[in-house]
Amino acid sequence: MRVVVLGAGFGGLELTTRLSEELGAEADVVLIDRSDSFVFGFSKLDVMFGRTTGDAVAHLYRDFVKPGVRFVQTEVRGIDPAARKVETDAGAFEADVLVVALGADLDPAATPGLVEGGHEFYTEEGAFAARDVLANFDGGRVVVGVTSTPFKCPPAPSETALLVSEYLEERGLREQSEVALVMPMGVPIPPSPDASAALLAAFAERGIAWHGDAQVRALDPNRKVVVMADGEELPYDLFLGVPVHRVPDVVAESGMCVDGWVPVDPLTLETRFPDVYAIGDVTSVGTPKAGVFAEGQAAVVADAIVARHRADADAATYGGRGICYIEFGGDEVARVDVTFLSGQPPTGRFDQPSVAYTADKGEFATTRIRRWFGREWKSY
Ligand SMILES: Cc1cc2nc3c(=O)[nH]c(=O)nc-3n(C[C@H](O)[C@H](O)[C@H](O)COP(=O)(O)OP(=O)(O)OC[C@H]3O[C@@H](n4cnc5c(N)ncnc54)[C@H](O)[C@@H]3O)c2cc1C
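Here is a short report on the structure shown in this document. Just so it is clear, the model here is predicted, and its values are computed rather than measured.

### Regarding the site of the ligand
Right, on to step 1. The environment of the ligand is formed by 26 residues, the closest being Gly11, Asp33, Val76, Asp281 and Gly291.
Right, on to step 2. Contact distances for the ligand include 3.2 Å between a nitrogen atom and a side-chain N or O atom of Glu75.
Right, on to step 3. Note that an oxygen atom of the ligand is positioned 3.3 Å from one of the backbone N or O atoms of Ala290.
Right, on to step 4. Compared with its free state, where it exposes 1000 Å², the ligand has 92% of that area covered by protein.

### So, the environment of Glu175
Right, on to step 1. Looking at the element boundaries, Glu175 is found in the loop between α5 (156-170) and β13 (178-182).
Right, on to step 2. By relative accessible area, Glu175 is classed as exposed at 82%.
Right, on to step 3. It is 53 Å that separates the C-alpha atoms of Glu175 and Asp89, two residues lying 86 residues apart in sequence.

### With respect to the side chain of His211
Right, on to step 1. Within the secondary structure, His211 sits in strand β14 (residues 208-211).
Right, on to step 2. Among residues more than four places away in sequence, those in contact with His211 are Ala180, Leu181, Val182, Met183, Met228, Glu232 and Leu234.

### Some remarks on the pattern of salt bridges
Right, on to step 1. The final tally for this structure, using the stated rule, is 22 salt bridges.
Right, on to step 2. Measuring nitrogen to oxygen at the nearest pair gives 2.8 Å for the salt bridge that ties Arg371 to Glu14. Within this pair, whereas Arg371 is found in helix α9 (residues 355-373), its partner Glu14 is found in helix α1 (residues 10-23), the two being separated by 357 residues in sequence.
Right, on to step 3. Looking at Arg371, the relative accessible area reads 29%, which means it is partly exposed.
Right, on to step 4. Look at Glu14 and you get buried, because its relative accessible area is 1%.
Right, on to step 5. In this structure, Arg349 engages Asp351 in a salt bridge whose closest nitrogen and oxygen atoms are separated by 2.6 Å.
Right, on to step 6. Look at Asp351 and you get buried, because its relative accessible area is 8%.
Right, on to step 7. Overlapping salt bridges, with partners in common, bring together Glu14, Arg18, Glu21 and Arg371 in one network.

What counts, and where the lines are drawn
- What you see as residue numbers is a count from 1 along each chain, following the sequence as written.
- Per-residue local features of the predicted model are confined to residues with pLDDT of at least 70, and side-chain atom pairs are confined, for both listing and counting, to 80 or more; whole-chain, interface and lining totals are unaffected and use all residues.
- Where side-chain values are given, they derive from all heavy atoms of the structure, hydrogens and water being excluded.
- A cutoff of 4 Å decides nearness: a residue is near a molecule or strand if any of its heavy atoms lies inside that distance of it.
- We call two N or O atoms a polar contact when they sit within 3.5 Å, provided that within protein one can donate a hydrogen and the other can accept it, with sequence-adjacent residues counted only if both atoms are side-chain atoms.
- Working definition of accessibility: Shrake-Rupley area with a 1.4 Å probe, residue cover restricted to the visible protein chains.
- Helix and strand assignments come from DSSP, with helices taken as H or I runs of at least 4 residues and strands as E runs of at least 2, each series counted from the N terminus.
- Each residue's exposure class comes from its accessible area (1.4 Å probe, protein chains only) as a fraction of the maximum for that residue type: buried when under 20%, exposed when over 50%, partly exposed otherwise.
- In this description, contact between two residues means that some pair of their heavy atoms is separated by no more than 4.5 Å.
- A carboxyl oxygen of Asp or Glu within 4 Å of a side-chain nitrogen of Lys or Arg is what we treat as a salt bridge.

Following this line, the structure appears as structure tokens:
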């Protein structure tokens, strides 16, 4: 059975690791990504706030060596889901089982004025460049803002506002600065009222202005104002933005999308094309766009592929559960354990910020790098 996995992000790495663990050299798996390395989403914030460097957070795919799995660094140019055939710069690949794990692309140019007058911190380049921008910033009005929904890692803008506030305080610039956060939801973490309450309390305590149910439509770099969707304007000196998200072009052109994302069966992650699965941010499965959910979906698809290989009827179904860590600053991290079951309201449990969860978060990252890349690593 030939398995082709497109995208070596959170979902693709976990899926192919599990296939190798279960099937070893019996597996015939090709893993394709354009990049030479993997970077955790949260490492972007670590680089941006000067805790570590870009080089230290890049995990090279040449270290991803697994029995039965071949990594190919190339650009995916075309996907034919009906034929399970993929065109790439390294030639064509045909699959018995195809898994699309190409994530969400970011489009800063879709927000007028963002490229010219602001900074986005969701791409690697953007976050790494924002490190120097922050280091050279000598205080003023900072706006952290979201430009559209859905967006990856819903807690990340809240974390960024808290970390900016702390960063300015450490440099003696907080008193002459203002920090505002613009988010499209009414509360920071809608599935967890306790997490939202803790974040809103932290914003109030640190003097961060919360603008909920609001979205950034454009920046006017000449007048130095952020224009919101309802026309309200916020003056800024430094804008840190979450850009528009969309599926990669090659997925949009494949005919797999409905309303911009790839629909899947929420229990099995199957697309409407036989033996074609999609996992992670590229889907509209109903969980937030976050690595932990991509990882959980990868486990279910790995199980299905192994069951098929062994002609075993039983495979696990997806439970929609994920644990997210939220940075509060002051070396404290909180934890939300949340479950999204199709057709039911999400349920969540919140654990208050503590230094112990900072260690948990570090351990979460360390164990992934150990399993995927076979080496020891500390996030910072
Ligand atoms: C600032 C920030 C903080 C975050 N913090 C967290 C966190 O604390 N916890 C958490 O769980 N999640 C977090 N996330 C979200 C997390 O990074 C993503 O949700 C997760 O990586 C999605 O996994 P994925 O496998 O679906 O896609 P990705 O990990 O994005 O992988 C997709 C892969 O596809 C490749 N690709 C795309 N198009 C092509 C093509 N045409 N040809 C070849 N290769 C291609 C890309 O190079 C990429 O490697 C954060 C994100 C950001 C931006």
